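So the chains spell out like this:
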Number of protein chains: 2
Amino acid sequence: MDAWTEVLQDTGMDPRLDRDTSNCSIARTLEIVGEKWTILILREVWYGSSRFSDFERVLGCPRNLLATRLRMLVEEGILATETYKEPGSRSRPKYVITPKGMDLVPAVMGLLQWGDRYRADPEGPAVLARHRECGARVDVQVRCERGHPVQAKDIESVPGPAFRLRSSE
Amino acid sequence: MDAWTEVLQDTGMDPRLDRDTSNCSIARTLEIVGEKWTILILREVWYGSSRFSDFERVLGCPRNLLATRLRMLVEEGILATETYKEPGSRSRPKYVITPKGMDLVPAVMGLLQWGDRYRADPEGPAVLARHRECGARVDVQVRCERGHPVQAKDIESVPGPAFRLRSSE
DNA sequence: AGCTTGAGTTTAATTTTAGATACTCAGCCA
DNA sequence: TGGCTGAGTATCTAAAATTAAACTCAAGCT
């Protein structure tokens, strides 16, 4: 009997198929970063952009969408606004990444890595990620708490503390 | 002078802002897994679902979208179809993950991990990922080729072999 | 021969996004 | 005082995605 079956011995329900999926962390993350321009904005922040006009120029994103996405990222605490002042101009806002935003790096590096492997141009990737100190390329890896590298097939998903069934009204 | 500026000394263009973004690996990955139900289907495959009716039941996704997304995932080589036969019924297709699909695990684990940290219920996550051999929890980490753990802020992005400027016709 | 089931397809209505365009607004400078 | 600039808003149209609901289709069973 696996960990799913244990949680539900007597009811006729299937814990995998009849569970409540509304508190899934993947779905909740996608609610925030799953919209079309959002991850691309974050990509540009990582590459060094910070101004409204930078994003507009490099992404070609309509201004109204850009404003909406930036506002949402700030509300969620993924970006923060600061001000900058170009000599001879007034102060204007710029967008910088927060620690909460930095914590999205592994997820986005995962997308980058898969794209590099399966969808890159014949010459290779358009952008490379390097470790600033040693210059070596970086990648994302799955590891367990004890530090062992973990193959995808050796990951077991089990019900967690917030596991619950879909209410069957 | 940083690695971006080096590639473009004489033109008046800014390599970060005037580069061609159409061959970005992140964007290309999102073209495939960025649609609404796609990642959630993969999540269910990892949790053990394989049949059309499984996905429909647990996701509550409309059947036509489910069929479209499954077909796309098979065309892209992320899922493959096999057949199963329930006693007394005819053979029917089921969907299993391929190695190419397994390679999306780090990206999706990254999303899961961020959601667990910032958007989980007070009790904790709904699902936990464990290393099958040792039972310890797994997470995704950014490391460099030499095995050093890398902080997000220590990642430097530099132009890669397929870097090019946006043509300015 | 007709009923049932799982796995779809079709259709049509609704909702959401995307995108273009024009407009606003605050301060700096001449 | 008037023009310029960066950072937005507002408005509208077109395109795409989402959804529910009804329909199809091929075995297996009775």
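Residues numbered from 1 in each chain as written. Chains lettered and ligands numbered in written order. Predicted model: local features only at pLDDT ≥ 70, side-chain atom pairs only at ≥ 80, totals over all residues. Heavy atoms only, no water.

Moving on to helix H5 (residues 63-75) of chain A. Residues and elements named next belong to chain A. The end-to-end C-alpha distance of H5, which contains 13 residues, comes to 18 Å, matching closely the 18 Å that a straight helix rising 1.5 Å per residue would cover. If you check which residues of H5 are buried, you get Leu66, Arg69, Leu70, Met72 and Leu73. In a view along the axis of H5, the buried residues occupy a sector of 160 degrees, so they form one face of it. Of the exposed residues in H5, those oriented more than 90 degrees away from the buried face are Arg63, Asn64 and Glu75. (Helix = DSSP H or I, 4+ residues; strand = E, 2+ residues; numbered from the N terminus. Expected span 1.5 Å × (residues − 1). Buried < 20%, exposed > 50% of the residue type's maximum accessible area, 1.4 Å probe, protein only. Arc of directions from axis to C-beta.)

So, on to the protein's contact with DNA strand D. Lining the immediate surroundings of DNA strand D are 22 residues, of which Tyr84, Arg92 and Tyr95 of chain A together with Arg69 and Gly88 of chain B lie closest. For DNA strand D, the backbone portion of the atoms within 4 Å of the protein, that is sugar and phosphate, comes to 70%. A distance of 3.1 Å separates a phosphate oxygen of DNA strand D from a polar atom in the side chain of Trp37 of chain B. Secondary-structure elements contributing two or more residues to the surface near DNA strand D are helix H4 (52-59), H5 and strand E2 (91-97) of chain A together with helix H5 (63-75) of chain B. Of the residues that constitute the surface near DNA strand D, the class distribution is eight nonpolar, five polar and nine charged. (Near = heavy atom within 4 Å. Polar contact = N/O pair within 3.5 Å; in protein donor to acceptor, adjacent residues only side chain to side chain. Nonpolar A, V, L, I, M, F, W, Y, C, P; charged D, E, K, R; others polar.)

Contacts to DNA strand C come from 22 residues, most closely from Lys36 and Arg69 of chain A together with Tyr84, Arg92 and Tyr95 of chain B. Within the side chain of Arg69 of chain A, a nitrogen or oxygen atom sits 2.9 Å from a phosphate oxygen of DNA strand C. Ser53 of chain B is positioned such that a nitrogen or oxygen atom in its side chain is 3.0 Å from a phosphate oxygen of DNA strand C. Elements with a contribution of two residues or more to the surface near DNA strand C: H5 of chain A together with helix H4 (52-59), H5 and strand E2 (91-97) of chain B. Its residues assigned to classes, the surface near DNA strand C comprises eight nonpolar, five polar and nine charged.

Rotating chain A by 180 degrees and translating it 0.0 Å along the rotation axis places it on chain B, where the RMSD comes to 0.1 Å. Taken together, the rotation angle and the small translation identify this as a two-fold axis. If distances are taken from each C-alpha of chain A to the rotation axis, the shortest is found for Ala107 of chain A, at 2.4 Å. Most of the interface of chain A is mirrored in chain B: 100% of its interface residues are interface residues there too. (Least-squares fit on C-alpha atoms with pLDDT ≥ 70 in both. Contact = heavy atoms within 4.5 Å.)

Moving on, we come to the environment of Ala107 of chain B. Tracing the chain through its elements places Ala107 of chain B in helix H7 (residues 105-118). Separated by 47 residues in sequence, Ala107 of chain B and Gly60 of chain B have C-alpha atoms that sit 24 Å apart. Once residues lying within four places of it in the same chain are set aside, the contact partners of Ala107 of chain B are Ala107, Gly110 and Leu111 of chain A.

For the rest of this paragraph, the subject is the environment of Ala152 of chain A. Topologically, Ala152 of chain A is positioned in the loop between strand E4 (138-144) and strand E5 (155-159). A relative accessible area of 25% means that Ala152 of chain A is categorised as partly exposed. Along the sequence, Ala152 of chain A and Val142 of chain A sit ten residues apart, while their C-alpha atoms lie 7.8 Å from each other. Non-local contacts of Ala152 of chain A, meaning those with residues more than four positions away in its chain, are made with Met102 and Val105 of chain B.

On to the packing of helix H3 (residues 38-47) of chain A against H5 of chain A, then. Residues and elements named next belong to chain A. It is the contact of H3 with H5, at a shortest axis distance of 10 Å, that shows an interaxial angle of 75 degrees. One way to sum up the angle between H3 and H5 is to call them roughly perpendicular. Contacts from Thr38, Ile41 and Leu42 of H3 reach H5 at Leu66, Arg69, Leu70, Met72 and Leu73. Here the contact of H3 with H5 is built from residues that sort into six nonpolar, one polar and one charged. (Axes fitted to C-alpha atoms, helices over the stretch in contact; angles between N-to-C directions. Parallel < 35°, antiparallel > 145°, perpendicular 65-115°, else oblique.)

So, on to the interface of chain A and chain B. With 91 residues of chain A at the interface, the matching set in chain B holds 91 residues. Between chain A and chain B, a total of about 8,700 Å² is buried, with carbon and sulfur atoms accounting for 58% of that surface. One can count 16 salt bridges joining chain A with chain B. For the salt bridge of Arg130 of chain A with Glu156 of chain B, the shortest nitrogen-to-oxygen distance reads 3.4 Å. Counting across the interface, chain A meets chain B through 51 residue pairs in polar contact (both at pLDDT 80 or more). Contributing elements (two or more residues each) for the side of chain A that touches chain B: helix H2 (25-33), H3, H4, helix H6 (99-102), helix H7 (105-118), strand E3 (127-131), E4 and E5 of chain A. Looking at which element gives the most residues to the side of chain A that touches chain B, the answer is H7 of chain A, with 13 residues. (Buried area = accessible area lost by both parts, 1.4 Å probe. Salt bridge = Lys/Arg side-chain N within 4 Å of Asp/Glu carboxyl O.)

All quantities given are derived from atomic positions and should not be read as evidence of function.
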